[in-house]
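# Chain and residue survey
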Amino acid sequence: MFIRIFIKKAIKLNNRFLFYASLALVLVSAMIMRLIEPETFPTLFEALWWVMTTVTTVGYGDYFPVSIGGRIYAMFLYIVGIGLIGVVIGKFVDGFAEIKKRREEGKVPYEGNNHIVIIGWSQKASYAVSEIMDSEKCEIVIIDKLPKAPILEEHIHYIQGDAAEEAVLRKADIMNAKAVLVFSDDSIYDALLADGKSLIIASSIERLSAEIHTTVEVMKEEHIKNFRHVQVDEFVLSHEAISRMAVRSAFTKGISGVYSQLLSRSYGDNLYEIPVHQNWTTYREAFNALLEEGATLIADGDKMDINRRLDEAISRNAKLFVICDQGVYDKLKRRV
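Residues numbered from 1 in each chain as written. Predicted model: local features only at pLDDT ≥ 70, side-chain atom pairs only at ≥ 80, totals over all residues. Heavy atoms only, no water.

Moving on: the overall build of the chain. Helix and strand counts for the chain stand at 12 helices and 9 strands. When contacts within the chain are restricted to residue pairs at least 6 apart in sequence, those whose partners lie at least 24 apart make up 60%. Accessible surface for the chain amounts to roughly 20,300 Å². Of this, 59% is attributable to carbon and sulfur atoms. (Helix = DSSP H or I, 4+ residues; strand = E, 2+ residues; numbered from the N terminus. Contact = heavy atoms within 4.5 Å. Areas by Shrake-Rupley, 256 points an atom, 1.4 Å probe, with all protein chains shown as cover.)

This is how it looks when you write it as structure tokens:
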């Protein structure tokens, strides 16, 4: 009965107080046992060792009190010390469990930089996470209103809440993010309402960090001008892109496989961005040099008319895109 009451009282105590009380009990007990039985415990370390093995119920038996006073104090440790240390250990275990629970529920703020933030969980977002993990190992932060994290991985963090709220975006450390992907809410069937929600989220992001690269899934093409007004960097017209790909494949057999390769890093040749080499002055020089390495230069930014501008000078800020495999790209990164 006494032990039960003691444990119930101890559980209600402050964690910091319990920790310091346990530490004090162990140290004081070691000194007391050293004074009571100096022959059994010739140094303070031996006494501390015995106290620790006693209160943690290990009990190696290499040291034990032989005097009446020592055994009486040992009985005190059996009742009070073991109970107190047990409560402290239980508190530590509960603390770790609480941290894990809060992380699963998306209540733990993320602290980092150069991460990618994904807003709105859906099957499309799931594919995006897989593609990011296949492309490069970077931290991913997911923002959604789900009661629990959709994915629990080492490099994936979850934040629960409304992405239009500044506090939620700050929990995702949006100011230090590398990029943000905003997916349209699949639960909203009206394109106007879905794009309206995405527009509010995008404006909140740009207000906090205008420099961050933001990509938004847009349901209707005519809404893009509204997103451009809030300085969104890029747009994805998901439904129209799928429809156009289906039509192209109907007229040109096999073209869907080309699209799939360019859109995924999982197989085949892919689209990569490379920096401008200091020795390149025209697109022709860049085109020929890359072709010898096994890569095909196809665009500068969104301009895909390189083959008609081969003798034009390349800007030092050009964004060159090539088609090649992973091995060639890795080699180009080392040389360029």
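Resuming the write-up.
Once that is clear, we can look at the packing of aromatic side chains. Using the criterion set out here, one finds 3 aromatic pairs in the structure. The interplanar angle of 45° and the centroid separation of 5.4 Å between the aromatic rings of Y73 and F76 together place this pair among those described as tilted. In this pair, Y73 and F76 both sit in helix α4 (residues 68-104), 3 residues apart, roughly one turn of the helix. Residue class for Y73 comes out buried when judged on its relative accessible area of 14%. For F76, a relative accessible area of 35% translates into the label partly exposed. (Phe/Tyr/Trp six-rings, centres within 6.5 Å; stacked < 30°, edge-to-face > 60°. Buried < 20%, exposed > 50% of the residue type's maximum accessible area, 1.4 Å probe, protein only.)

Among the secondary structure elements, E217 is positioned in strand β5 (residues 213-217). One polar contact links the side chain of E217 to the main-chain amide nitrogen of S184, over a distance of 2.8 Å. (Polar contact = N/O pair within 3.5 Å; in protein donor to acceptor, adjacent residues only side chain to side chain.)

Before going further, it helps to spend a moment on the environment of E39. Inspection of the secondary structure puts E39 in the loop between α2 (15-36) and α3 (44-55). Sequence separation between E39 and V66 is 27 residues, and the spatial gap between their C-alpha atoms is 9.8 Å.

Looking now at the pairing of strand β1 (residues 116-119). Every other side chain in a regular strand lies on the same face of the sheet, so the side chains alternate between the two faces. What you see with β1 is no split at all: I116 and I118 on one side and V117 and I119 on the other are buried throughout. When β1 meets strand β2 (residues 140-144), the two strands line up parallel, connected through 4 bridges. Across the sheet, the residue bridging to I118 is I142, located in β2. With helix α5 (residues 123-135) bridging β1 and its parallel neighbour β2, the resulting β-α-β unit is right-handed. Bridge analysis of β1 against strand β4 (residues 179-182) gives 4 bridges, and the strand direction is parallel. In the sheet register, V117 faces β4, and the bridge partner there is V180. (Pairing = 2+ DSSP bridges. Right-handed = clockwise from strand over helix to strand, strands pointing away.)

Approximately 270 Å³ is the volume attributed to the second largest pocket. Forming the walls of the second largest pocket are 17 residues, and the residues nearest its centre are G120, W121, D144, D185 and K197. Of all the secondary-structure elements, those providing two or more residues to the lining of the second largest pocket are β2 and α7 (191-208). Top element by residues in the lining of the second largest pocket is α7. It accounts for 3 residues. Broken down by class, the residue content of the lining of the second largest pocket amounts to 6 nonpolar, 5 polar and 6 charged. (1 Å grid on protein atoms, 1.4 Å probe; cavity = no way out; pocket = protein on both sides within 12 Å on 5 of 7 lines; lining within 4 Å. Points joined across faces, edges and corners; volume = space filled by probe spheres on them. Nonpolar A, V, L, I, M, F, W, Y, C, P; charged D, E, K, R; others polar.)

Further remarks concern the sheet that holds β1. Reading across the sheet, the 6 strands line up as β3-β2-β1-β4-β5-β6 and stay open at both edges, with parallel pairing between neighbours. A single partner strand is all that each edge strand has here, and the edge strands are β3 (156-160) and β6 (234-236). When strand polarity is set aside, the average angle formed by the axes of neighbouring strands in this sheet is 20°. Along the sheet, α5 contacts β1, β2, β3, β4 and β5; its crossing angle with β1, the most-contacted strand, is approximately 165°. Set on the sheet, α7 makes contact with β1, β4 and β5; between it and β5 the angle comes to about 175°. (Axes fitted to C-alpha atoms, helices over the stretch in contact; angles between N-to-C directions.)

Turning our eyes to something else, we now look at the side chain of S204. Tracing the chain through its elements places S204 in helix α7. A polar contact is formed between the side chain of S204 and the backbone oxygen of A164, at a distance of 3.1 Å. Engagement of the side chain of S204 in a polar contact is seen with the backbone oxygen of I200, the distance being 3.0 Å. Setting aside residues up to four positions removed in sequence, S204 forms contacts with A164 and L169.

Within the largest apolar cluster, 26 residues are counted, with the highest numbers of intra-cluster contacts made by V117, I119, I143, L169, I174, V180 and I205. Those elements that provide at least two residues to this core are β1, β2, α6 (166-171), β4, α7 and α8 (224-229). At 4 residues, the largest contribution of residues to this core is made by α7. Excluding residues that lie within four positions of it along the chain, I119 makes contacts with I143, A163, L169, V180, L181, V182, F183, I201 and I205. Ranked by size, the runner-up nonpolar core spans 19 residues in total, among them Y283, L310, V322 and C324. (Core = buried A, V, L, I, M, F, W, Y, C linked by side-chain atoms within 4.5 Å.)

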